[in-house]
Amino acid sequence: MIIVLLGPPGAGKGTQGERLAARLDVPKIATGDVLRAAVRDGTPLGLEAKAAMDRGDLVPDAVIMGIMKEALAAPSAANGVVLDGVVRTTPQAEGLRDALTDLGRAVDAVLLFDIDEDELVRRLSGRTTCDACQRPFFGRQPGETCESDGKAGVLIRRKDDEPDAVRKRLQVYRDQTAPVIDWYASNGGKLVHIDALGALDDVESRMLNALGLPASGQ
Ligand code: AMP
């Protein structure tokens, strides 16, 4: 299955995408993770993307298309993929459709994570992220150690989780990503709304239910 996760920053796409990818036994691709790793490693991609990311702006569509195509062509994606935050503009949605058409494939479902802005600001302002595995934590401080990935990563506060950048990212979402919702609604109609508020297990159940998959463990 090829699943696109849409929704504002902080809606839980990463966490739920991880669960869904494990459930489907396919990789999760998150352009944000790829870009942050490139910034950390100082690669040309990272150098190109860093300033826009720190401001909370989007990086150019052409950069995203390159990452997207490479990920889709990887043997690990042969059985499907969960795309987290990969489609953020209408040209990217069109680019994904065209890239998949070239591979004889298509998006199976688009899950839109619905959540209100007050909750997003609350979540993002309390978030730290592992600099190695990129897992998010809430209620833990920068400098603490992440034990979850075996690499002993350090928790950092993402620059784009600072209040000014969060406001900018939400504005960018409204201006550039929200139109993607209408695009999917009128190009195939595979868009499903997921109530993203509540306990992680509850949101996961709604997501699996929306895809017609049995709950985890069944
Ligand atoms: P995320 O981790 O998904 O919140 O992404 C962090 C940042 O990476 C975003 O604020 C953008 O600057 C950049 N980014 C990630 N994915 C995309 C995308 N599909 N299009 C443009 N910029 C992106």
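Residues numbered from 1 in each chain as written. Predicted model: local features only at pLDDT ≥ 70, side-chain atom pairs only at ≥ 80, totals over all residues. Heavy atoms only, no water.

Colleague: How would you explain the overall build of the chain if you had to name every residue and give the values?
Modeller: Scanning the chain for helices and strands turns up eight helices and nine strands. The principal-axis extent of the C-alpha atoms belonging to the chain is close to 45 × 40 × 35 Å. Taken across its 218 residues, the chain has 43% of its residues classed as buried. Sequence separation of 24 or more characterises 68% of the internal contacts of the chain that already satisfy a separation of 6 or more. Surface exposure of the chain reaches about 10500 Å², of which carbon and sulfur atoms provide 52%. Side-chain charges in the chain split into 27 positive and 33 negative, and the spacing between the mean points of these groups amounts to 2 Å. (Helix = DSSP H or I, 4+ residues; strand = E, 2+ residues; numbered from the N terminus. Buried < 20%, exposed > 50% of the residue type's maximum accessible area, 1.4 Å probe, protein only. Contact = heavy atoms within 4.5 Å. Areas by Shrake-Rupley, 256 points an atom, 1.4 Å probe, with all protein chains shown as cover. Lys, Arg positive; Asp, Glu negative; His and termini not counted. Charge placed at Lys NZ, Arg CZ, Asp CG, Glu CD.)

Colleague: Tell me about the pattern of salt bridges, residues and numbers included.
Modeller: Going through the model one piece at a time under the given rule, you end up with 22 salt bridges. Between aspartate 57 and lysine 168 there is a salt bridge, and its shortest N-O distance comes to 3.2 Å. Of the two residues, aspartate 57 is situated in the loop between helix 3 (44–55) and helix 4 (61–73) and lysine 168 in helix 7 (residues 163–186); the sequence distance between them amounts to 111 residues. Residue class for aspartate 57 comes out partly exposed when judged on its relative accessible area of 22%. Take lysine 168: its relative accessible area is 33%, and that puts it in the partly exposed class. Where aspartate 164 meets arginine 167, a salt bridge forms, and the shortest distance between an N and an O atom there is 2.8 Å. Taken together, the residues aspartate 164 and arginine 167, both in helix 7 and three residues apart, mark about one turn of the helix. Since its relative accessible area comes to 59%, aspartate 164 is described here as exposed. With a relative accessible area of 52%, arginine 167 lands in the exposed category. Overlapping salt bridges, with partners in common, bring together Arg127, Arg158, Asp160, Asp161 and Arg169 in one network. (Salt bridge = Lys/Arg side-chain N within 4 Å of Asp/Glu carboxyl O.)

Colleague: Explain helix 7 to me, and be specific about the residues and the numbers.
Modeller: For helix 7, which comprises 24 residues, the first-to-last C-alpha distance of 34 Å matches the rise-based estimate of 34 Å (1.5 Å per residue) to within 8%. Maximum bend of helix 7: about 40 degrees, positioned at arginine 174. Restricting attention to buried positions, one finds in helix 7 the residues Ala165, Val166, Arg169, Leu170, Val172, Tyr173, Thr177, Val180, Ile181, Trp183 and Tyr184. Just downstream of helix 7 lies glycine 188, where phi reads positive at about 120 degrees. (Expected span 1.5 Å × (residues − 1). Bend = angle between axes of the 7 residues up to and from the residue.)

Colleague: An account of the pairing of strand 3 (residues 81–84) is requested, with residue identities and associated values reported.
Modeller: Neither face of strand 3 is open: one carries Val81 and Leu83, the other Val82 and Asp84, and all of them are buried. Pairing geometry for strand 2 (residues 28–30) and strand 3, over three bridges, is parallel. By the bridge assignment for strand 3, lysine 28 is matched with valine 82. (Pairing = 2+ DSSP bridges.)

Colleague: Tell me about the packing of helix 4 against helix 5 (residues 90–102), and name the residues and values.
Modeller: As a packed pair, helix 4 and helix 5 sit with axes 10 Å apart at the nearest point and diverge in direction by 30 degrees. Classified by the angle between their axes, helix 4 and helix 5 sit roughly parallel to one another. Crossing geometry of helix 4 relative to helix 5 is assigned as right-handed. Of the residues in helix 5, those in contact with Asp61, Ile64, Met65, Met68, Lys69 and Leu72 of helix 4 are Pro91, Gln92, Gly95, Leu96, Ala99 and Leu100. Within the contact of helix 4 with helix 5, the residues separate by chemical class into eight nonpolar, two polar and two charged. (Axes fitted to C-alpha atoms, helices over the stretch in contact; angles between N-to-C directions. Parallel < 35°, antiparallel > 145°, perpendicular 65-115°, else oblique. Left-handed = near helix turned anticlockwise from the far one by under 90°. Nonpolar A, V, L, I, M, F, W, Y, C, P; charged D, E, K, R; others polar.)

Any link to function would need more than the numbers given here.
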